[in-house]
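# Report on the structure
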Amino acid sequence: MTTIEVTGRLQQQAWADKVLPPVEEVRPGLWSIPVPMGPNPLRYVLVYALALPDGGLALIDVGWPSDESWQALVDGIRGTGHDVTDVRSAAITHFHPDHFGLVPRLLEHTDAELLMHRDDACHLRYHSDAEVERQLDVARWELQLLGAPADVADLGLVDFVRLPDGRTVDRELTADAPLDIPGWNLRAIWTPGHTPGHLCFADDDAGVIFTGDHLLPRISPNVSTSPMQTQSPLADYLVSLANTERMRDHEALPSHEYRFRGLGARVTGLLSHHEERLTEITEAVAARPESTAWEITQAVRWSRPFSDLNLTMKRLALRETDAHLLVLSERGILSSTPAPTEADLADDAIEPVRWSLATVSEHRTSSSPSAVHYTEENPL
C-alpha cells in the first residue's frame, strides 16, 4: 500500500506534542505561519505568506477571528521580516472562520486585495438581522427533515463572520484563474465539497499546491449538507478529489497538521474511506428500513461514541451522513420518502424524510455517479 511522505517534520512533531509548530520558510520567500484557533481539535490553521518583489507579502488564508489569533498572525509575519502593513493581498481557500475570520481586522490595517471563489464569496456579504434569521430558520427546518431531536435542531444564534457592510471581495476567482501575484505562478483550482467555492492554489514552477481543507494528511474534511452548500456536496468532493489527483508530483501545503507528498496515495485513501462509509450506511439502512438520517447517524461508527459528541459535532455528523445518503440515492442504491417543500417551513409538525433500499425499478431509472452536476475536516 502506497503511503504519503511527510515533508513537514517539525510540523508533525509539533502536532504530536500538541504545541504550535514554528514559523518555517518552506521555500525561498514562502513561509508557513501557525495561527491558533481556540478550543478546536485541529488547534491551529497554517497561514502561508509569500514574499513579493516590492517587499510586500501575499497571504493564503488569514486565521481565526480572535485577539490571540490576530497577535499570532502579526508576530508570525514579523518572523518573516515583514510587518502586517506589508500585506498586499489575501487569497482565501474558503469561507470558514478559521480561514476567513481575520479578514475584517486585516482590512483595518491594510488595503489588501481580497480573492475568493464566487460561490463562497456570495455568503460573506453583509446581511440584515432579518436575513440572518431567515437563514437560521431554513437550517432548523432542514435538521427537522433529517429527524434531529429538538435540542439538535435548535441552532440558536450563529456568529458568522462576514465582510463589513458595503465591502465586497475584490476578485472572484474561477477554476484555473491566475492569481497574478508578482514573483509567483499561482493559479486557482476549484475543489467544491468542503464548501461550494473551496479553492486550492497551485504553483507549478515551485512544485507546490496549497490544499486548504480539501486534502489533509491525516483526516478527511467534513463534507456536509447545509443551506450554503451545493445540491450534493459529497458528489462534488469525489469529483474534486479525482481532479487534484493529477497533481501527484506537487508537495501539498495544507491548512492543518503538516506538509506532505503523495497526492495520489492520499486521494486513493480518501476515495476508499468514502466508499467504505457509503457501504456502512447502506448496511445500516438495510438492517432498519424507513430510518431517518438521525437514526442512521447513530447506527454507524464514529471516532468516539456518538453519545459523547457535543451538539455541534452531532449536527456535523448528521449532515455528513445526509451527504452520503444523497450520493447513495444518486447511485440508485437507496430511496427516500418525499421531502416537504420550503413552503412548509412554518409547519410545527414536519415529517422527517425516511430512507430504505431502492427497488429494482428505481435502480434502473436512477442517475449514475458519473452524472453528478459540476457547475461553476472529517474531525469526527
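Please read these numbers as outputs of a predicted model, since none were measured by experiment. (Residues numbered from 1 in each chain as written. Predicted model: local features only at pLDDT ≥ 70, side-chain atom pairs only at ≥ 80, totals over all residues. Heavy atoms only, no water.)

### Quick word on the nonpolar core
Counting 63 residues, the largest nonpolar core has Leu-59, Phe-100, Leu-106, Leu-179, Leu-186, Phe-201 and Phe-210 as the members making the most contacts within it. Residues Leu-146, Val-152, Leu-263 and Leu-325 belong to the second largest nonpolar core, which totals 43 residues. (Core = buried A, V, L, I, M, F, W, Y, C linked by side-chain atoms within 4.5 Å. Buried < 20%, exposed > 50% of the residue type's maximum accessible area, 1.4 Å probe, protein only.)

### Details of the pairing of strand E5 (residues 57–60)
Covered by surrounding structure in E5 are Leu-57 and Leu-59 together with Ala-58 and Ile-60, the residues of both alternating faces. Bridge count between strand E4 (residues 44–51) and E5: four bridges; the pairing is antiparallel. Paired with Leu-50 across the strands is Ala-58, a residue of E5. Hairpin remark: E4 followed by E5, antiparallel, with five residues in the connecting loop; positive phi at Gly-55, about 95 degrees. Of the pairings in the sheet, the one linking E5 to strand E6 (residues 87–91) comprises four bridges and is parallel in character. By the bridge assignment for E6, Ala-58 is matched with Ser-89. (Helix = DSSP H or I, 4+ residues; strand = E, 2+ residues; numbered from the N terminus. Pairing = 2+ DSSP bridges.)

### Things to note about the packing of aromatic side chains
Counted by the stated rule, this structure contains three aromatic pairs. Relative to Tyr-44, the ring of Trp-15 has its centre 5.9 Å away and its plane inclined at 75 degrees; by these criteria the two rings are edge-to-face. Placement of Trp-15 in helix H1 (residues 9–17) and of Tyr-44 in strand E4 is noted, with a sequence separation of 29 residues between them. For Tyr-44, a relative accessible area of 0% corresponds to the buried category. A ring pair is formed by Tyr-48 and Phe-210, whose centres lie 5.1 Å apart and whose planes are at 65 degrees; its orientation type is edge-to-face. Of this pair, Tyr-48 sits in strand E4 while Phe-210 sits in strand E11 (residues 208–212), placing them 162 residues apart in sequence. Considered together, Tyr-48 and Phe-210 belong to a single accessibility category, that of buried residues. The positively charged end of Arg-43 is found above the aromatic ring belonging to Trp-15, 4.0 Å away from the centroid. One residue, Arg-277, lies across the ring of Trp-302, its end atom 4.2 Å from the ring centre. (Phe/Tyr/Trp six-rings, centres within 6.5 Å; stacked < 30°, edge-to-face > 60°. Lys NZ or Arg CZ within 6 Å of the ring centre and 35° of its normal.)

### Observations regarding the pattern of salt bridges
All told, the structure shown has 23 salt bridges when counted by the stated rule. Between Arg-78 and Asp-75 there is a salt bridge, and its shortest N-O distance comes to 3.4 Å. With Arg-78 and Asp-75 both in helix H2 (residues 67–79), this residue pair falls three residues apart, about one helical turn. Sharing partners across several salt bridges, the network here consists of Glu-24, Arg-27, Glu-251 and Arg-259. (Salt bridge = Lys/Arg side-chain N within 4 Å of Asp/Glu carboxyl O.)

### A look at the state of the cysteines
The final tally for this structure, using the stated rule, is zero disulfides. Looking at the unpaired Cys-122, the closest cysteine sulfur is the one in Cys-200, lying at 19 Å. Classification of Cys-122 as partly exposed rests on a relative accessible area of 29%. (Disulfide = S-S within 2.5 Å.)

### Observations concerning the side chain of Ser-291
Mapped onto the elements, Ser-291 comes out in the loop between helix H9 (263–287) and helix H10 (293–299). For Ser-291, a relative accessible area of 2% puts it in the buried group. In terms of polar contacts, Ser-291 uses its side chain to reach the backbone carbonyl oxygen of Arg-288, at 2.5 Å. When residues no more than four places from it in sequence are discounted, the contact partners of Ser-291 are Ile-296, Val-353, Arg-354 and Trp-355. (Polar contact = N/O pair within 3.5 Å; in protein donor to acceptor, adjacent residues only side chain to side chain. Contact = heavy atoms within 4.5 Å.)

Keep in mind these values describe shape, not function.
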